[in-house]
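# Structural overview for review
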There are 2 protein chains.
Amino acid sequence: MGRCSLQLLLLLLPLQASGASIPRSPALRAFGSLHLSSSPTSRPAVALNYSIRYFPQKIDHFGFYTDKTFKQRYLIADKYWKKDNGSILFYTGNEGDIVWFCNNTGFMWDVAEELKAMLVFAEHRYYGESLPFGDSSFKTVHLNFLTSEQALADFAELIRHLKQTIPGAENQPVIAVGGSYGGMLAAWLRMKYPHIVVGALAASAPIWQFDGLVPCGIFMEIVTTDFKESGPNCEKSIHRSWDAINQLATTGSGLQWLSKALHLCSPLTNSQDIQSLKDWISETWVNLAMVDYPYESNFLQPLPAWPMKVVCQHLRNPNVSDQNLVENIFQALNIYYNYSGQAKCLNISETATSSLGSLGWSYQSCTEMIMPFCTNGVDDMFEPHSWNLEELSRECFKQWGVRPRPSWITTLYGGRNISSHKNIIFSNGELDPWSGGGVTKDITDTLIAINIPQGAHHLDLRANNALDPQSVLLARSLEVKHMKEWIRDFHARPEKKQY
Amino acid sequence: MGRCSLQLLLLLLPLQASGASIPRSPALRAFGSLHLSSSPTSRPAVALNYSIRYFPQKIDHFGFYTDKTFKQRYLIADKYWKKDNGSILFYTGNEGDIVWFCNNTGFMWDVAEELKAMLVFAEHRYYGESLPFGDSSFKTVHLNFLTSEQALADFAELIRHLKQTIPGAENQPVIAVGGSYGGMLAAWLRMKYPHIVVGALAASAPIWQFDGLVPCGIFMEIVTTDFKESGPNCEKSIHRSWDAINQLATTGSGLQWLSKALHLCSPLTNSQDIQSLKDWISETWVNLAMVDYPYESNFLQPLPAWPMKVVCQHLRNPNVSDQNLVENIFQALNIYYNYSGQAKCLNISETATSSLGSLGWSYQSCTEMIMPFCTNGVDDMFEPHSWNLEELSRECFKQWGVRPRPSWITTLYGGRNISSHKNIIFSNGELDPWSGGGVTKDITDTLIAINIPQGAHHLDLRANNALDPQSVLLARSLEVKHMKEWIRDFHARPEKKQY
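Residues numbered from 1 in each chain as written. Chains lettered and ligands numbered in written order. Predicted model: local features only at pLDDT ≥ 70, side-chain atom pairs only at ≥ 80, totals over all residues. Heavy atoms only, no water.

Before going further, it helps to examine the packing of helix H7 (residues 218-228) of chain A against helix H8 (residues 234-248) of chain A. All names here are of chain A. Between H7 and H8, whose axes approach to 6 Å, the crossing angle comes to 125 degrees. Between H7 and H8, the angle is such that the two are oblique. Where H7 approaches H8, its residues Thr-224, Phe-227 and Lys-228 are matched on the opposing element by Cys-234, Glu-235 and Ile-238. Taken together, the residues that form the contact of H7 with H8 break down as three nonpolar, one polar and two charged. (Axes fitted to C-alpha atoms, helices over the stretch in contact; angles between N-to-C directions. Helix = DSSP H or I, 4+ residues; strand = E, 2+ residues; numbered from the N terminus. Parallel < 35°, antiparallel > 145°, perpendicular 65-115°, else oblique. Contact = heavy atoms within 4.5 Å. Nonpolar A, V, L, I, M, F, W, Y, C, P; charged D, E, K, R; others polar.)

What follows is the structure in structure tokens.
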């Protein structure tokens, strides 16, 4: 369910696997967009000078039948690295091209000097250039090695390799850093390989968006709250818009009118198109909530500062005719899709791009990354949609030949029961719908929650910006404070040289 | 390289994979015998009443290409279990039939009442009845799912299942218990799944016998020390015996004489037979060091109390003729192989039995469980033999089509760098050669070493016996004390019901 103009966006905001083919599931479709990562960015202030390298990784760390390897790409920058009391910041790449994540994680570049840090950005297998089976990586049989465990093992092996081969790196503490799914990986890397990384900054990592740990409706409730607080009656207008669309869609002339009013590139012709339209609109609202940054940002399409406020200026009056309401919805959508004024029409009908990111995440969303979502239309502004695991399972089997294992992630990584771990910072923007599945309260004095009231999806990982709200500056300084402690503790301990 | 009379022994003392076919590696062959587990035992004082159950486990926890399951066998006993402030002791089964481990872990039965504990004994996949592919489980392609990680995931899934299905079990702390390889699994289960088990008793678990963490010669040095301390000149006699055998083997009549003097069932005919003979003798000395228990024990063949002392009574004089020395060696071997007086001859020539335990461990010794061993004939009483990874790799590829990954275990489980974990007791008998690769000093105040000066291989896990030395009684009482603390801490914490 991609759109022409969004092919690049889809690469990094892949839809949930089954979303494209399940009717009546606007929520489902929207929920695939885990990656804030894919959120707008301004370049960090410092120049991004890095080397591109490749490391041979076992295709299967957990079985010995195949001993084959593939080339994992990683980026490395050591301008500010110091061998004495320095550190290594290791970005645990998520579902996309690692160069893109590198360019969008200005925080690491901004703090490199202060932490005397080498920066490493490791690409996640099956994304970007790190394709275990090249062009045929997305055949079902080849996808068997696309799991979070394999990715963590890649990171562990790569870090061990770096320490063994870079003179001076051996006795340096490594801190994992990641956002969104990459943030989950950073936290999980620390949990599963505490001998490899001394701590983790897990930004906007919804590690509890699994297996009933949080209510399935929480995500869309936060989206709704964001809209509610971004302008008078904003969420009410959206809430009412579904009925307006449904009403207009009952006649052929209504469909025609809708197509024109929304400036769609392809006219709507049937009820399935209408569902696609509503899915696409829902997804837009979700994306807006994720990327509601305080400054103008340029992500695929440029967006204004605080884009939700701008969007909501068009949605102040829910009590207008269906047609007027739809016209207002168009104005709102147009902010997101046409801030530059270049788009001639809006395209909702492209099927999903074959970009790697989208395919890989679709598979992961059918196997391990089973995050229940739902809407009820009462606590949120969307049409009601319940969570349906059976339906997902059917679709996943159809698309990939696999069945979801909805409890595996909590069995593996502990669910809420993670208090025996140490040195993980969970940061969350309160505007970010993913904060609903995040850790937003301290668990222990070394498992720390940092909340950013004015923050959208991992704003803290982005480069410093003059328009940054105070809350994100504070968050970043707390994060640096903890990282410095971890680094100091590492250098202070006698056995640091032992492996 | 099994022997007829030892088929059952081999089931539980499988030789290292390549041992059978690598010439000149007595040490290698002997070193396969990881399992103290397989050590003599007397039945615990209490009656062993348990139910036998089966749980469907995913064949592959770490990939989704196959969703098939197999039946994992486990035993469960709840006679002394109390729902109020009770506990669950979970035996992490190692490389053999779980009933056998159950019968040989009297400690758990002895402490069940005091800990109000349910006892669970979980069989390790690919051993006993828990064969993922039935009779064809040992085909190379099917063996792909035989790893320690898969076994740990089995345990985690099984514990979660028990908690979900046994009324009253949900809010109970689970403690992992294991010996030898099972002890490694217990420790690793706590490290990787601390949300699943509150602590682990890892008895005689050589978690550092990997990747150069300890000198490769340490194992055989301990065997040598044991012989040295079990009788005057005992280790000197053995040290000299290799040359005596080699000398006698230079002539056809010498081979004939040797065969007769050692009461071998099949006569020695060539130099390869001589190597097999020396391997078999070396292995016998290793086994004796592992099972040097303070009381008469009945393991496959009966053994006297402190069998090494009895053996060494025949090896007091190294300065005799080659022939006399070999005759003395026979007397010593005869204690181990013929204490009952029933054996008509000693058999060294059977090839490895096809018993499951032996096959499975052979594969594991070719993949993850790469434990470097060596001898130099100076610090030990054996013929010199260096550690040769290349040779092992060739043999493993020939036998199983796989290559060893000698550093994987330390990457995965942390090597010496495990101080961030909590609540693991590492117990070691100082007589046990496996203690050389064990944790014998406290790492933190919750990663505790308990040493048992008069203990052989996980003596502490065996049932109480009137002849137990004071040191093992003390060890057991310390173990119970710590387990009680873990149980108390669990019941005291507010969030115990959370998963």
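Taken as a whole and judged by the stated rule, the model has 42 aromatic pairs over all chains. Judged by centre distance (5.0 Å) and plane angle (15 degrees), the rings of Trp280(A) and Tyr337(A) are stacked. Of this pair, Trp280(A) sits in helix H10 (residues 271-290) while Tyr337(A) is found in helix H12 (residues 322-338), placing the two residues 57 residues apart along the sequence. The residues Trp280(A) and Tyr337(A) share a single accessibility class, namely buried. Members of the aromatic cluster, each reached through a chain of ring pairs, are Tyr50(A), Tyr91(A), Trp100(A), Phe101(A), Trp109(A) and Phe121(A). The cationic tip of Lys309(A) hangs over the ring face of Trp306(A); the distance from NZ or CZ to the ring centre is 5.0 Å. Geometry around Phe64(A) places Arg405(B) over its ring, the cationic atom sitting 4.2 Å from the centre. (Phe/Tyr/Trp six-rings, centres within 6.5 Å; stacked < 30°, edge-to-face > 60°. Buried < 20%, exposed > 50% of the residue type's maximum accessible area, 1.4 Å probe, protein only. Lys NZ or Arg CZ within 6 Å of the ring centre and 35° of its normal.)

Below, the discussion takes up the interface of chain A and chain B. Residue-level contacts link 50 residues of chain A with 50 residues of chain B. A buried area of about 4,400 Å², summed over both sides, lies between chain A and chain B, and 52% of it is on carbon and sulfur atoms. Applying the counting criterion to the chain A and chain B interface returns four salt bridges. The shortest N-O distance in the salt bridge between Asp67(B) and Arg405(A) comes to 3.1 Å. Linking chain A with chain B are 27 residue pairs in polar contact (both at pLDDT 80 or more). Going through the elements one at a time, helix H5 (148-165), helix H6 (181-192) and helix H15 (408-413) of chain A are the ones with two or more residues in the side of chain A that touches chain B. Its residues assigned to classes, the side of chain A that touches chain B shows 16 nonpolar, 18 polar and 16 charged. (Buried area = accessible area lost by both parts, 1.4 Å probe. Salt bridge = Lys/Arg side-chain N within 4 Å of Asp/Glu carboxyl O. Polar contact = N/O pair within 3.5 Å; in protein donor to acceptor, adjacent residues only side chain to side chain.)

Let's shift gears to the pairing of strand S2 (residues 69-77) of chain B. All names here are of chain B. Of all nine residues in S2, seven are buried; the element is thus mostly enclosed. With eight bridges joining them, strand S1 (residues 51-58) and S2 adopt antiparallel strand pairing. Across the sheet, the residue bridging to Phe-55 is Gln-72, located in S2. Sheet topology places S2 next to strand S4 (residues 117-122); four bridges connect them, and they run antiparallel. Across the sheet, the residue bridging to Leu-75 is Phe-121, located in S4. (Pairing = 2+ DSSP bridges.)

What follows concerns H8(A). Residue and element names in this part refer to chain A. For H8, built from 15 residues, the straight-helix expectation of 21 Å at 1.5 Å per residue is met to within 8% by its first-to-last C-alpha distance of 21 Å. If you check which residues of H8 are buried, you get Cys-234, Glu-235, Ser-237, Ile-238, Ser-241, Trp-242, Ala-244, Ile-245 and Leu-248. Close packing links the buried residues of H8 with H7, helix H9 (252-261), H10, helix H11 (307-312) and H12. (Expected span 1.5 Å × (residues − 1).)

This part is about the sheet that holds strand S10 (residues 447-452) of chain A. Residue and element names in this part refer to chain A. With mixed pairing, eight strands are arranged side by side in an open sheet as S1-S2-S4-S3-S5-S6-S9-S10. At either margin of the open sheet sits one strand with a lone partner, and together these are strand S1 (51-58) and S10. On average, adjacent strands in this sheet sit at an angle of 20 degrees to one another, irrespective of strand direction. Sheet topology note: the strand S6 (residues 199-203)/strand S9 (residues 424-429) ladder contains four bridges and is parallel. Across the sheet, the residue bridging to Ala-200 is Ile-424, located in S9. Contacts from H5 reach S1, strand S2 (69-77), strand S3 (87-92), strand S4 (117-122) and strand S5 (174-179) within the one sheet, and its direction differs from that of S2 by about 60 degrees.

Next up on the list: the nonpolar core. In terms of nonpolar packing, the biggest core is built from 312 residues, with Trp188(A), Phe227(A), Trp285(A), Trp188(B), Phe227(B) and Trp285(B) touching the most fellow members. Sequence-distant contacts of Phe227(A), defined by excluding residues within four places in its chain, comprise Cys234(A), Glu235(A), Ile238(A), Trp285(A), Leu288(A), Met308(A), Val311(A), Cys312(A) and Met381(A). (Core = buried A, V, L, I, M, F, W, Y, C linked by side-chain atoms within 4.5 Å.)

The next point concerns the confidence of the model for chain A. All names here are of chain A. Counting all residues, the mean pLDDT for chain A is 89, and 87% of those residues have values of 70 or more. Throughout residues 1-42 the model reports pLDDT below 50, and contacts reaching past four residues in sequence, or to other chains, amount to 177 contacts. A low-confidence stretch, residues 350-356 (pLDDT under 50), is modelled with 21 contacts involving residues beyond four sequence positions or located in other chains. The ipTM for the predicted assembly is 0.91, set against a pTM of 0.92. (pLDDT = per-residue confidence, 0-100.)

Before going further, it helps to spend a moment on the state of the cysteines. Residue and element names in this part refer to chain B. Going through the model one piece at a time under the given rule, you end up with eight disulfides over all chains. There is a disulfide in this structure between Cys-234 and Cys-312, and the S-S distance comes to 2.0 Å. Judged by the sign of its S-S torsion, about -75 degrees, the bond between Cys-234 and Cys-312 is left-handed. Note that Cys-234 is positioned in helix H8 (residues 234-248) and Cys-312 in helix H11 (residues 307-312), a separation of 78 residues in sequence. Between the sulfur atoms of Cys-265 and its disulfide partner Cys-345 the distance amounts to 1.9 Å. The sign of the 100 degrees torsion about the S-S bond sets the Cys-265-Cys-345 disulfide as right-handed. Of the two residues, Cys-265 sits in the loop between helix H9 (252-261) and helix H10 (271-290) while Cys-345 sits in the loop between helix H12 (322-338) and helix H13 (356-364), which places them 80 residues apart along the sequence. For chain A, the bonded cysteines pair up as 1-7, 2-4, 3-5, 6-8 when numbered in the order they occur along the sequence. (Disulfide = S-S within 2.5 Å.)

Right, let's talk about the sheet that holds strand S9 (residues 424-429) of chain B for a bit. Residues and elements named next belong to chain B. Read from one edge to the other, the open sheet built from eight strands follows the order S1-S2-S4-S3-S5-S6-S9-S10, with strand pairing classed as mixed. Whereas interior strands pair on both sides, the edge strands pair on one side only; in this sheet they are S1 and strand S10 (447-452). Here the average twist between neighbouring strands, direction ignored, is 20 degrees. Summarising the sheet, strand S5 (residues 174-179) and strand S6 (residues 199-203) pair through five bridges and their orientation is parallel.

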